[in-house]
Amino acid sequence: MNFHTIIEPFRIKSVEAVKFTTRDERERALKVARYNVFLLRGEDVLIDLLTDSGTGAMSAAQWGAMMQGDETYAGSRSFYRFQSVIQDLTGFKHIIPTHQGRAAERILFHTVLKPWDIVPSNTHFDTTRANIEVEDAEAVDLVIPEGKVPSLIHPFKGNVDVARLEKLLKEKGDHVPLVMVTVTNNSGGGQPVSLTNLKAVREVCHRYGKPLFLDACRFAENAWFIKTREEGQSHRTPKEIAQEMFSLADGCTMSAKKDGLANIGGFLAMNDDTWAQNARNLLILTEGFTTYGGLAGYDLEAVAQGLVEVVEESYLHYRIRSTAYFAEKLISGGVPIIQPPGGHAVYIDARAMLPHVPPLQYPGIAVVNQLYVEAGIRGVEIGTVMFGMHPDGTETPGAMDLVRLAIPRRVYTQSHIDYAAEGVLEVFRSREKLRGYRITKAPKVLRHFTAEFEPLG
Ligand code: F0G
């Protein structure tokens, strides 16, 4: 018998109650939060799809490993386990632990960038972009044109536009100290990058003498897409594919809060001795000694074990299938989403869903807020609020106005996802009534986290 039902590849040993609220309570809570769901109290959210970062459930093996954590300040056994798991996976010489991904980014960029430098990528995540801009350098996104058309089906919408990369290196190569590729491409819809594309990027980087770094947060999900979508890859294990992805690069930044299956942690890894030395000096100054980098010994254990579990086929099969299952329910109800669905999230095209709300009235915020009021579900805007404000103080519409519903790893069951789909469909039915927002207060950078809004009449 060939079973069609793909079950969660785990059983549940420990549970956490969720709190049910009324619509009135949610309306009040949202008003108190100045219509920014980042400012809600987590316990007022029923199903939290704000992020897949640090929100996953750890396995019994991870909790068990944590009890074995070695809290030695220098040379902890847990560091050596962490280092050996990461070296086995990535092949990189220097493994530098950090408390999360953006710390790895800050250390890398602060030590290698000069003002006016340029860092190309398929699409930089917002913290990556901000850590480049804070060094007075420029973050340039060079995703293929298909990657910007939400409804267009393409197996690797995260691919880099290699011709544009080459043009940039030819014209301004002196200002480019490194090239980055984000796997999967979070800001572009959680879309994968093919091995063929990575090889082509590698080849161009090699010709121009530029190191290639992966933003590897979701490397395992990317490897699964390569296995299932790229010709000639289906017989390989996700780990073998991931190893090849890393072998094409000279280093990586990593948030272990995603495909590290841990609640906190990250690392910076690379082959270059001088860059690594400078990075370690800064690490000691701001994060901690080189064998813990701002993490507890038990965190290093959780990440090491998580990196072993995340490349298991049964896990990745379930993970990617459950995201697709959620997406299929929305597509069949007519909701415009990025297609095909990404690995860690479903992205609603809020601009297409609310054509009557102009981008500068933030259609993504309108959808996010209604979803919370209607169903107690928290998503996040990835659009004009996140990307529309420029360092010179001008505001333009983001490339897209998306609402991301990110799925925490191993946390929600199929019935939670069924409920979430019902919630989205309800908002979709009432879409014509939704109105835009105005920003009443916002910080200069990364405004989406703390901006305050007011609904337009
Ligand atoms: N790069 C990518 C592609 C990311 O998605 C993130 C975080 C980071 C870097 C930074 O890592 O949070 O550990 O400092 N993304 C989270 C998200 C916050 O919700 O997508 P971090």
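Conventions and cut-offs
Residues numbered from 1 in each chain as written. Predicted model: local features only at pLDDT ≥ 70, side-chain atom pairs only at ≥ 80, totals over all residues. Heavy atoms only, no water. 1 Å grid on protein atoms, 1.4 Å probe; cavity = no way out; pocket = protein on both sides within 12 Å on 5 of 7 lines; lining within 4 Å. Points joined across faces, edges and corners; volume = space filled by probe spheres on them. Helix = DSSP H or I, 4+ residues; strand = E, 2+ residues; numbered from the N terminus. Nonpolar A, V, L, I, M, F, W, Y, C, P; charged D, E, K, R; others polar. Domains from an automatic or database assignment. Near = heavy atom within 4 Å. Polar contact = N/O pair within 3.5 Å; in protein donor to acceptor, adjacent residues only side chain to side chain. Areas by Shrake-Rupley, 256 points an atom, 1.4 Å probe, with all protein chains shown as cover. Sits in = over half its atoms within 2 Å of the grid points. Expected span 1.5 Å × (residues − 1). Buried < 20%, exposed > 50% of the residue type's maximum accessible area, 1.4 Å probe, protein only. Arc of directions from axis to C-beta. Contact = heavy atoms within 4.5 Å. Salt bridge = Lys/Arg side-chain N within 4 Å of Asp/Glu carboxyl O. Phe/Tyr/Trp six-rings, centres within 6.5 Å; stacked < 30°, edge-to-face > 60°. Lys NZ or Arg CZ within 6 Å of the ring centre and 35° of its normal. Core = buried A, V, L, I, M, F, W, Y, C linked by side-chain atoms within 4.5 Å.

S.K.: What exactly am I supposed to notice about the layout of surface pockets here?
M.R.: Considering only enclosed or pocket space, the second largest pocket measures out at about 880 Å³ in volume. Forming the boundary of the second largest pocket are 35 residues, of which Arg 129, Glu 133, Met 386, Phe 387 and Met 389 lie nearest the centre. Secondary structure elements with two or more residues in the lining of the second largest pocket: helix H5 (126–133), strand S4 (138–141) and helix H15 (384–387). Its residues assigned to classes, the lining of the second largest pocket comprises 18 nonpolar, 10 polar and 7 charged. Two domains share the lining of the second largest pocket, each providing at least three of its residues, namely domain 1 (23–52 + 312–455) and domain 2 (60–309).

S.K.: Hey, could you run me through the site of the ligand in this one?
M.R.: Around the ligand sit 17 residues, and of these Arg 102, Asp 215, Ser 255, Lys 258 and Arg 404 come closest. Gly 101 has a polar backbone atom sitting 2.8 Å from an oxygen atom of the ligand. The contact in question runs from an oxygen atom of the ligand to an N or O atom on the side chain of Ser 255, over 2.6 Å. Protein chains shield 94% of the accessible area of the ligand, which is 470 Å² for the free molecule. Applying the majority rule of atoms within 2 Å of the grid points places the ligand in the largest cavity. Of the residues contributing to the shell around the ligand, the split by class is 2 nonpolar, 8 polar and 7 charged.

S.K.: Would you take a moment to explain helix H3 (residues 77–90) for this structure?
M.R.: Its 14 residues give H3 an end-to-end C-alpha distance of 20 Å, which sits within 8% of 20 Å, the value for a rise of 1.5 Å per residue. Considered for burial, the residues of H3 that qualify are Ser 78, Phe 79, Phe 82, Gln 83, Val 85, Ile 86, Leu 89 and Thr 90. Viewed along the axis of H3, the buried residues span an arc of 165°, placing them on a single side of the element. Check the buried side of H3 and you find it contacts strand S2 (94–98), helix H8 (219–229), helix H9 (238–247), strand S8 (266–270) and helix H11 (297–309). At the N-terminal boundary of H3, the capping side chain belongs to Ser 76, with an oxygen 3.0 Å from the backbone nitrogen of Ser 78. Just downstream of H3, Gly 91 is the residue with a positive phi angle, here 75°.

S.K.: I keep staring at the pattern of salt bridges and nothing clicks. Help me out?
M.R.: Two side chains bearing opposite charge may form a pair once their charged atoms approach each other closely. Counting across every chain of the model gives 30 salt bridges. Within this structure, Asp 52, Arg 218, Glu 221, Asp 259, Arg 319 and Arg 409 form a network of salt bridges that share partners.

S.K.: Even after reading the chapter, I still don't get the packing of aromatic side chains, so can you show me in this structure?
M.R.: Aromatic rings considered in pairs are described by the distance between their centres and by the relative angle of their planes. The final tally for this structure, using the stated rule, is 14 aromatic pairs. Over the face of the ring belonging to Phe 428 we find Arg 431, whose NZ or CZ atom lies 3.9 Å from the ring centre.

S.K.: I'm lost on the nonpolar core in this one. Help?
M.R.: Within soluble globular proteins, side chains that are nonpolar tend to cluster in buried spots. Ranked by internal contacts, the top residues of the largest apolar core, which has 62 residues, are Val 181, Val 201, Phe 219, Met 245 and Leu 307. By residue number, the principal contributor to this core is H8, which donates 6 residues. Both domains that furnish three or more residues to this core are identified here as domain 1 (23–52 + 312–455) and domain 2 (60–309). Setting aside residues up to four positions removed in sequence, Leu 307 forms contacts with Val 85, Ile 86, Leu 89, Phe 219, Met 254, Asp 259, Gly 260 and Phe 267. By size, the runner-up hydrophobic cluster in this structure holds 58 residues, among which are Tyr 362, Leu 405, Ile 407 and Phe 428.

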